[in-house]
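Listed below are the residues making up each chain.
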Amino acid sequence: MAYENLLKSVEESALEKKRELQIKAQKQADEIRSGAKKQAEEISEHAIKEAESSVAIERNKQLYLAKGAIKEQALKSREKVFEAAFEAAGQRLSRLREDDTYPVIFRRLAEETIGAMGQTPFVIHIDQRDLDLCKKTLAAINVSCGIQADLECMGGLVATSPDGLITLANTIESRLERVREHKRLEIYGILSGG
């Protein structure tokens, strides 16, 4: 009987131990599941935040690129309008020689150019179509210098020193180009609505 009691006690102890181990295992499994669930939620939250951040970065990048494309297109449009305006001005000025005011304009251009040359000896270069007008103008302002009809231009003249080191261009084209460069920012401002 003592042996049976001992066996029964060992069996009860083993069953108790088994129940304790099962409870402990169940508790550990619950803790692992809880920890895994929490870790999965954190990973999911982190992935969502990264995705949102990535989407925001991509959206900002696309907006930046779109704004750049719009600015580039606007700049090209302003450049086309600017060039068209100066092309139209050039077309109108190409007929200046036919205008009754051209002799007065030519004289003013000649006086400016000759005044800028100062005491330096010079040669006047003109378009062949202005040869008679140039001779009359120089005679009217009492200037004596060499004249060479070696330009092809819309009008005006160029003065050079005899050695060619000094050149003063006062042609319609050179004045138009100076105005183009000088007024570019101002005109772009107007075209931009500023």
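Scroll up for the structure.
The present account deals with the structure reproduced in this document. No experiment lies behind these values; they were computed from the predicted model shown.

1. Thoughts on the overall build of the protein chain
Across its full length, the protein chain carries four helices and four strands. Start at the N end of the protein chain and walk to the C end: the helices and strands fall as α-α-β-α-β-β-β-α. By the compact-globule yardstick of 16 Å for 194 residues, the protein chain is too spread out, its C-alpha radius of gyration being 47 Å. Its C-alpha atoms put the protein chain at 155 × 35 × 25 Å along the principal axes. Expressed as a percentage of its 194 residues, the buried residues of the protein chain come to 22%. Total accessible area on the protein chain stands at roughly 14400 Å², and carbon and sulfur atoms take up 57% of it.

2. A look at the sheet that holds strand 3 (residues 156-160)
Strand order in this open sheet of four strands is 2-1-3-4, and the pairing throughout is mixed. Edge positions in the open sheet fall to strand 2 (146-151) and strand 4 (167-171), since each of these has one partner strand only. For this sheet the average axis-to-axis angle between neighbouring strands, irrespective of direction, equals 25°. Here strand 3 pairs with strand 4 via five bridges, running antiparallel. Bridge pairing links Gly 156 to Thr 171 in strand 4. Against the sheet, helix 2 (residues 102-117) touches strand 1 (123-127), strand 3 and strand 4, its axis set at about 15° to strand 3.

3. Some details on the side chain of Thr 171
Take Thr 171: it is sitting in strand 4. On the basis of relative accessibility, which here comes to 8%, the residue Thr 171 falls in the buried class. With residues near it in sequence (within four places) discarded, Thr 171 still touches Leu 151, Cys 153, Gly 155, Gly 156, Leu 157 and Val 158.

4. Re the pattern of salt bridges
Considering all chains together, one arrives at seven salt bridges under this definition. With a shortest N-O distance of 3.4 Å, Arg 180 and Glu 177 are connected by a salt bridge. Taken together, the residues Arg 180 and Glu 177, both in helix 4 (residues 172-191) and three residues apart, mark about one turn of the helix. A relative accessible area of 14% means that Arg 180 is categorised as buried. When salt bridges that share partners are traced, they join Glu 83, Glu 177 and Arg 180 into one network.

5. Some points on the nonpolar core
Ranked by internal contacts, the top residues of the largest apolar core, which has 20 residues, are Phe 106, Ile 114, Phe 122, Ile 124, Ile 126, Cys 134 and Leu 157. Going through the elements one at a time, helix 2, strand 1, helix 3 (131-140) and strand 3 are the ones with two or more residues in this core. Considering each element in turn, this core owes the most residues, seven residues, to helix 2. Excluding residues that lie within four positions of it along the chain, Ile 126 makes contacts with Phe 106, Leu 131, Cys 134, Ile 147, Gln 148, Ala 149, Asp 150, Leu 151, Gly 156 and Leu 157.

Definitions and cut-offs
Residues numbered from 1 in each chain as written. Predicted model: local features only at pLDDT ≥ 70, side-chain atom pairs only at ≥ 80, totals over all residues. Heavy atoms only, no water. Helix = DSSP H or I, 4+ residues; strand = E, 2+ residues; numbered from the N terminus. Rg over C-alpha atoms; globule rule 2.2 N^0.38 Å. Buried < 20%, exposed > 50% of the residue type's maximum accessible area, 1.4 Å probe, protein only. Areas by Shrake-Rupley, 256 points an atom, 1.4 Å probe, with all protein chains shown as cover. Pairing = 2+ DSSP bridges. Axes fitted to C-alpha atoms, helices over the stretch in contact; angles between N-to-C directions. Contact = heavy atoms within 4.5 Å. Salt bridge = Lys/Arg side-chain N within 4 Å of Asp/Glu carboxyl O. Core = buried A, V, L, I, M, F, W, Y, C linked by side-chain atoms within 4.5 Å.

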